[in-house]
Every structure is written in structure tokens, then in C-alpha cells.
Amino acid sequence: MQCNPKQLETLDLAKNIVAGSVSVSVIEIGLTIDKNLDKPVVRSLFKNENGQIGFAVVKVLVNRFIESFGFSTKLSETQLEILTVDTLDKFSYDSLQDIILFFKLARSGTFGTTKRGVDSNLIFGEWFPMFMEMKAEAREREHLRQKKQTDESLLSIEDVKKSYEKIKPNNSFRDRVLIYIDKITDGITRLELEDLIQAWSEDEQKKPYLRELKAKRLIIK
């Protein structure tokens, strides 16, 4: 399995948590839902040969979470394994960092308190939906932020001409458009790119160069 830099970073984090060479408490301090939005999802990261790493790290996090409660009745090993599998399933389209943050918020009473113990029904029936609602709000904030950035970068073709008429005057206009596309797509996300493509598809001036912009899909994942 070939991994991109973000996936490798999260895989290393998972391995270090399993090995006990990193403090989960320290990791928790810097986590927010907004910062987690661009992290690799569990489903794509912990598959094939990395599946065992995924199970092992979530098992560590589940054990740590359950042990943080002072109830006299503890879950059995079988129950802990079931809870681990449930966690991997529920967070399959979310990140390892989301799991860490979710357990932190649940432990600290963000979703409410419990006097009857902790089990899958409480965790995923009551607390998990609250976390998903918080994450949906974060996604909406991020979408609005990206849309604003995209809108600000939507210059007219005339602006392109003015921007590059003094740069490489011997280049064709298409070459200058390609330079312009490189400039406005530098550092943007795939979602921002799709917004940009949609905007260009509705602009008669930019439509002739839509194919060149769409080619960025091969680079921006």
C-alpha cells in the first residue's frame, strides 16, 4: 500500500501509540474537530497489511477510555474487543485523530455524564451522534471558508492578461493561462478545486480553458 505524507504521519502515530512511545494525553491537547478534517480516514488507512495496526491502536484507545471511568464493574476482554470493532466500524469514514478526540470529549463530560456505566449503547447510541453533529458543523464552516477563498481567486480572463502581459511576453496566451492556473491552485484542497471548476464551467470567458483546470484533478487529491 502506497501512502501519502499525511497517511504516513498517522500510521507512525498509530504505531507509536501501540508501542507506548508517545503520550496520548499530549496528542489530545492539540486536537480540534476543525484540524482533523483533512486527516486520512480509518477506512482507507487501516486496510490490508495495516489492518492489524488499526485494530491494535484503537484497542489501546478503547482500554484507556474505559479505564478513565471509576466504575467498579469493568468490561471483560471480549467486551473490549467488541467495543474496538464497533469503534473501527463507526469511525470508518473518520480519522484516528477523530477517535482520540471523541474519547477525550466523552470522558470529559462534553456529551453528558453517566452513572450507570459505559457501554456501546451509550457511546454510539447517544454520544457518537452528538460528535457527528459537531463535525458536520465544522465541515460547513470549512466549506464556507474555502468557498470564500475560491471566490476571491476567481479573476477574469482580462485579469490574467494584465497579470502576465509583462511576464514572458513571447509566450502564447494559453501558456499564460496555464501559469495562472498553477498560481491559483497552489496549495488549494480538492474541494476548493471542484468549486473552482464549477465556477469556470459557468463563465464563458474561462470555459475554453476548463480542460486545463480539470487536469489539476490528477495532482490535487
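Notes on the structure follow.

Turning to the overall build of the chain, a few remarks are in order. Looking only at helices and strands, the chain has 12 helices and zero strands in total. Listed by position from the N terminus, the elements making up the chain come as α-α-α-α-α-α-α-α-α-α-α-α. Here the chain holds 221 residues, and 38% of them are scored as buried. Put simply, 70% of the contacts in the chain that link residues at least 6 apart link residues at least 24 apart. For the chain, the computed accessible surface area is about 12,800 Å², with 51% contributed by carbon and sulfur atoms.

Here the structure, examined in full by the defined rule, presents 13 salt bridges. In this structure, the salt-bridge partner of Glu77 is Lys59, at a minimum N-O distance of 2.5 Å. Within this pair, whereas Glu77 is found in helix α6 (residues 77–90), its partner Lys59 is found in helix α5 (residues 51–67), the two being separated by 18 residues in sequence. Owing to a relative accessible area of 14%, Lys59 belongs among the buried residues under this scheme.

This part is about the packing of aromatic side chains. For the structure on display, the rule yields 11 aromatic pairs. Look at Phe91 and Phe128: their rings are 5.0 Å apart centre to centre, the planes differ by 75°, and that puts the pair in the edge-to-face class. In this pair, Phe91 is assigned in the loop between α6 and α7 (96–107) and Phe128 in helix α8 (residues 120–153), connecting sequence segments 37 residues apart. What makes Phe91 buried here is its relative accessible area of 0%.

You can see Asn36 is positioned in helix α3 (residues 33–36). Take Asn36: its relative accessible area is 2%, and that puts it in the buried class. Reaching out from Asn36, the side chain makes a polar contact with the side chain of Asp98 at a distance of 3.3 Å. Apart from the residues within four sequence positions on either side, Asn36 is in contact with Leu31, Ser95, Gln97, Asp98 and Leu101.

Scoring rules and cut-offs
Residues numbered from 1 in each chain as written. Predicted model: local features only at pLDDT ≥ 70, side-chain atom pairs only at ≥ 80, totals over all residues. Heavy atoms only, no water. Helix = DSSP H or I, 4+ residues; strand = E, 2+ residues; numbered from the N terminus. Buried < 20%, exposed > 50% of the residue type's maximum accessible area, 1.4 Å probe, protein only. Contact = heavy atoms within 4.5 Å. Areas by Shrake-Rupley, 256 points an atom, 1.4 Å probe, with all protein chains shown as cover. Salt bridge = Lys/Arg side-chain N within 4 Å of Asp/Glu carboxyl O. Phe/Tyr/Trp six-rings, centres within 6.5 Å; stacked < 30°, edge-to-face > 60°. Polar contact = N/O pair within 3.5 Å; in protein donor to acceptor, adjacent residues only side chain to side chain.

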